[in-house]
Amino acid sequence: FQNGRVTFATGFSPEETLRFNYNLYLGQMELITNDGDTSQIKRSKDLKLVSIGDHLFFHDTKLGYLEIVYQSPVALGVLRRLSTVDWVNASESERYYTKEEHYYFLDNENKSHLASVTSIQKLFNDQRREVKDYVNKNKIDFGNQKDLIKLLTFCDGLTKINQN
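For clarity, every value in this text was computed on a predicted model and none was experimentally measured. (Residues numbered from 1 in each chain as written. Predicted model: local features only at pLDDT ≥ 70, side-chain atom pairs only at ≥ 80, totals over all residues. Heavy atoms only, no water.)

Okay, unusual backbone geometry next. Non-glycine residue Asn 110 carries a positive phi angle of around 60°. Tracing the backbone shows Asn 110 in the loop between strand E9 (93-106) and strand E10 (112-114). Within the chain, Lys 139 stands out as a residue other than glycine whose phi angle is a positive 50°. When you line up the elements, Lys 139 lands in the loop between helix H2 (128-138) and helix H3 (145-163). In this structure Lys 139 comes out as exposed when scored by relative accessible area, which is 68%. (Helix = DSSP H or I, 4+ residues; strand = E, 2+ residues; numbered from the N terminus. Buried < 20%, exposed > 50% of the residue type's maximum accessible area, 1.4 Å probe, protein only.)

This part takes up the pairing of E9. By the bridge criterion, 3 bridges tie E9 to E10 in an arrangement that is antiparallel. Paired with Phe 105 across the bridge in E10 is His 113. Linking E9 to E10, which pair antiparallel, is a turn of 5 residues; within it Asn 110 sits at a positive phi near 60°. (Pairing = 2+ DSSP bridges.)

This next bit is on the pattern of salt bridges. For the structure on display, the rule yields 3 salt bridges. We note a salt bridge from Arg 80 to Glu 101, for which the minimum N-O separation is 2.8 Å. Taken together, the residues Arg 80 in strand E8 (residues 75-88) and Glu 101 in strand E9 connect sequence positions 21 residues apart. Overall, the relative accessible area of 34% leaves Glu 101 in the partly exposed class. With a closest N to O distance of 3.5 Å, Lys 111 and Glu 109 form a salt bridge. According to the relative accessible area criterion, Glu 109 is exposed, its value standing at 55%. Each of Glu 67, Arg 80 and Glu 101 takes part in salt bridges that share partners, so that together they form one network. (Salt bridge = Lys/Arg side-chain N within 4 Å of Asp/Glu carboxyl O.)

Below, the structure written as structure tokens:
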């Protein structure tokens, strides 16, 4: 648990800092109450952001908490969760956990779009052709954070060129 703050959809952020933790297993945000108890934050359309230490999480009412890993006009968020894999052989059964990461683009209206060729082209519709060429030429892996950051950096450059 680390110190953090919440920001509501209205933009209001209370001055009070609380101790938060993102529970990877449950995909939930937890906090330590004033009584010292651990409690989950209820999903609410009123909740927008939770900052924990150096980490910033965007709350999507359908998906859950996306950690923002790159901030720009179109941000990059990652949804991290643990999933279970049951391994069964002739004599015994074991349960293993794997960490899943799914990337999303966050537009300026705070809508989440699964990271894909289609969604990046829609988000940068005026530069659709250039974006498609860049994706193909650079063999962008939409499951790779570094590739997606390079793609968004390229797209940011395109929009700046077109604004001038």
